[in-house]
Amino acid sequence: MMSNEFEPKPTQDKPLIYQIRIKGHLGCQWTVWFEGLTITLGDNGDTLLTGPVTDQAAMHGLLKKLRDLGLPLVSICPLGHCESDQSNAK
């Protein structure tokens, strides 16, 4: 059963770290477009984008970029709050 709670919740001073899994590989030329996120290519053909996302508006912006690339979204996992200030990442 799916929970309606969204934990952990973002705070204004500490953005959440997310791991976004997409089907297909992103080339290194997309590093600038996904500034602030680490791009990791998986052996299974998936790509992991990992890094801080400041708020829900920034997350929607990331999802729009992925949609525009035509890469299927597999999962989005919140990993926890940033320990340092990386709030300029979107």
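1. Re the sheet that holds strand 2 (residues 38–41)
With respect to topology, 4 strands assemble into an open sheet ordered 2-3-1-4, the strand pairing being antiparallel. The strands lining the two open edges of the sheet, one partner per strand, are strand 2 and strand 4 (73–81). For this sheet, the mean angle separating the axes of adjacent strands, direction not counted, is 20°. Relative to strand 1 (residues 16–23), helix 1 (residues 56–69) is tilted by about 15°, and along the sheet it contacts strand 1, strand 3 (46–53) and strand 4.

2. Digging into the nonpolar core
Ile20, Phe34 and Leu49 are the most contacted members of the largest nonpolar core, which has 14 residues in total. Elements that contribute at least two residues to this core include exactly strand 1, strand 3 and helix 1. Leaving out residues up to four positions away in the same chain, Leu49 has contacts with Tyr18, Gln19, Ile20, Leu26, Phe34, Leu37, Thr38, Ile39 and Leu66.

3. Concerning the confidence of the model for the protein
Close inspection of predicted coordinates is inappropriate for parts of the model with low pLDDT. Mean pLDDT for the protein: 82, with 79% of residues reaching 70 or above. Ignoring residues within four places in sequence, the model shows residues 85–90, a span with pLDDT below 50, making 11 contacts including any to other chains.

4. A closer look at the side chain of Asp46
Tracing the backbone shows Asp46 in strand 3. Owing to a relative accessible area of 6%, Asp46 belongs among the buried residues under this scheme. Within the structure, Asp46 has its side chain in polar contact with the side chain of Arg21 (distance 3.4 Å). When sequence neighbours within four positions are dropped, the list of residues in contact with Asp46 reads Arg21, Ile22, Lys23, Gly24, His25, Thr40 and Leu41.

5. Description of the pattern of salt bridges
Applying the stated criterion to the full structure yields 4 salt bridges. Note that Asp46 is salt-bridged to Arg21, the shortest N-O span being 3.4 Å. Of the two residues, Asp46 sits in strand 3 while Arg21 sits in strand 1, which places them 25 residues apart along the sequence. Under the relative-accessibility criterion, Arg21 is labelled partly exposed at 25%. Of the charged contacts, one joins Asp68 and Lys64 as a salt bridge, the two residues approaching to 3.5 Å between their closest N and O atoms. One end of the pair is Asp68 and the other is Lys64, both in helix 1 and 4 residues apart, which spans about a single turn. Accessibility expressed as a relative area gives 44% for Asp68, which makes it partly exposed. Using a relative accessible area of 46% as the deciding quantity, one classes Lys64 as partly exposed. Overlapping salt bridges bring together Arg21, Lys23 and Asp46 as one network.

Definitions and limits used
Residues numbered from 1 in each chain as written. Predicted model: local features only at pLDDT ≥ 70, side-chain atom pairs only at ≥ 80, totals over all residues. Heavy atoms only, no water. Pairing = 2+ DSSP bridges. Helix = DSSP H or I, 4+ residues; strand = E, 2+ residues; numbered from the N terminus. Axes fitted to C-alpha atoms, helices over the stretch in contact; angles between N-to-C directions. Contact = heavy atoms within 4.5 Å. Core = buried A, V, L, I, M, F, W, Y, C linked by side-chain atoms within 4.5 Å. Buried < 20%, exposed > 50% of the residue type's maximum accessible area, 1.4 Å probe, protein only. pLDDT = per-residue confidence, 0-100. Polar contact = N/O pair within 3.5 Å; in protein donor to acceptor, adjacent residues only side chain to side chain. Salt bridge = Lys/Arg side-chain N within 4 Å of Asp/Glu carboxyl O.

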